[in-house]
Amino acid sequence: MTAIHVENLTKRFGNFTAVDAISFDIKKGEIFGLLGPNGAGKTTTISMLSTLLEPTSGKARVNGIDIQKDQDGVRKSIGIVFQDQSLDEELTAWENMDFHGRLYRIPKEIREERITDLLHLVELEDRKESLVKTFSGGMRRRLEIARGLLHEPSVLFLDEPTLGLDPQTRNHLWEYILTLNQTKGITIILTTHYMDEADRLCGRIAIIDQGKIIAMDTPDELKDRVGGDVVTVSSPDSERIAAEISAPWIFGAEQHDGQVTIRLQSAEEHITELIRLFGERGYAIASVSIHKPTLEDVFLHYTGKTIREDEAGATDRIRMRMMGRRH
Ligand SMILES: Nc1ncnc2c1ncn2[C@@H]1O[C@H](COP(=O)(O)OP(=O)(O)OP(=O)(O)O)[C@@H](O)[C@H]1O
């Protein structure tokens, strides 16, 4: 059964195309990730699917409902947790949940039962009477997810669910997301620019860059497509190495941030020969590391750049948002 069907979906802001004719299908019960750097078009895509933005062209159905013909129908069947925090700081966890339940006109008895269950699910029942302003970032995120589930949506949209959280809290939140998907069978579509997050959570990933899907598959399949092993070399000659290095067992080489990433058939068999080639050509080498392809290598392979190059931008945006909130 298809939960989401997307066909040539496009969004233009003036002359700028933020989402460029993307198409994909998501099956019921899948966790599907949109992975890409800042500005790739991930938020714009899920804003269209959750009816917050009108597409410029193309079509999409969520739970079989056309996003342009029946926006209310779509909204009733989905939950959304967006990047910008939307909890009321001056209300308690319970009050935030209750307010949301009233908006959806959930009868009092059912509302109370669900709020109790959901606060238990995200381990916040002990803090239900605490004001949200006393909560940590991770607790707020968990409460937002619980709130997004109150009207029992069958599809949940999560926009950068762990942006700005520390590694331990991120791990914790990943467990909640997996539990939700497994115990409640909810289809989850999430956006992220964290490779490890996409790898850990998603059954399938669409890698998106400059509004286009450049690759889509399971994390393992995507990594297999890069193939073999990856040797990363730090060198002041990285540009030269990337341009010049070649051998029948080398699939390709990309240069980025003073490093060169070389994809080859088998590092075990060829590393000695590779080091010998470096020596013969007189390249200066600071360090060499070998690893199996990661999603970072997949992204580099398809785009010629790393996702990490954009992370400073993300940190700046969080900082700006927090500063904005203080005033
Ligand atoms: N309302 C808007 N008007 C003009 N341009 C916009 C608007 N919203 C988004 N964009 C632009 O569209 C592009 C895609 O933005 P989008 O927010 O979808 O990216 P993203 O992949 O979700 O990245 P991020 O994590 O930074 O939000 C960006 O270049 C952004 O500046």
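Reading the values: the criteria
- Here the residue index of a chain counts from 1 through its sequence in written order.
- Only residues with pLDDT of 70 or above have their local features reported here, since the model is predicted, and side-chain atom pairs are shown and tallied only from 80 upward, although totals for entire chains, interfaces and linings are computed over all residues.
- Strands qualify as paired when DSSP identifies two bridges or more between them.
- Strands here are runs of E lasting at least two residues and helices are runs of H or I lasting at least four, both read from the DSSP assignment and numbered beginning at the N terminus.
- Between N-to-C directions, angles span 0 to 180 degrees; the directions come from axes that are lines fitted to C-alpha atoms, helices contributing only their stretch in contact.
- Take the number of residues in a helix, subtract one, and multiply by 1.5 Å to get its expected span.
- Residues are counted as near a molecule or strand when the C-beta atom, derived from backbone positions, lies within 6 Å of that molecule or strand.
- Residues were grouped as follows: Ala, Val, Leu, Ile, Met, Phe, Trp, Tyr, Cys and Pro as nonpolar; Asp, Glu, Lys and Arg as charged; and all remaining residues, including Gly, as polar.
- For this entry, the nonpolar core is defined as buried Ala, Val, Leu, Ile, Met, Phe, Trp, Tyr and Cys residues connected by C-beta atoms within 7 Å.
- In this scheme the burial state of a residue depends on its C-beta neighbours within 10 Å: 20 or more other such atoms mean buried, 12 or fewer mean exposed, and anything in between means partly exposed; the C-beta positions come from the backbone.
- Each residue is represented by a C-beta atom placed from its backbone, and any two residues with such atoms within 7 Å are regarded as in contact.

Reading across the sheet, the 4 strands line up as S12-S13-S11-S14 and stay open at both edges, with antiparallel pairing between neighbours. Because the sheet does not close on itself, it has two edges, and the strands there are strand S12 (250-256) and strand S14 (287-291). In this sheet, adjacent strand axes meet at a mean angle of 20 degrees when their direction is disregarded. Where strand S11 (residues 229-234) lies against S14, 5 bridges are found, and the strand directions are antiparallel. Counterpart to Val231 in the pairing with S14 is Ile290.

The terminal C-alpha atoms of helix H10 (residues 267-281), which comprises 15 residues, lie 20 Å apart, in line with the 21 Å expected from a rise of 1.5 Å per residue. At the C-terminal side of H10, Gly282 shows a positive phi close to 75 degrees.

Here we take up the site of the ligand. Lining the immediate environment of the ligand, one finds Phe13, Ala18, Gly36, Asn38, Gly39, Ala40, Gly41, Lys42, Thr43, Thr44, Glu160 and Thr191. Examining the composition of the shell around the ligand, we find that 3 residues originate from one element, helix H1 (residues 42-49), more than from any other. Its residues placed into classes, the shell around the ligand shows 3 nonpolar, 7 polar and 2 charged.

Judged by nonpolar contacts, the single largest core of 64 residues is most densely connected at Ala146 and Ile189. In this structure Ile189 touches Ile4, Ile26, Phe32, Ile46, Val155 and Phe157, once residues within four positions along its chain are discounted. Of all hydrophobic cores here, the second largest spans 8 residues; its members include Val230, Val233, Ile241 and Val260.

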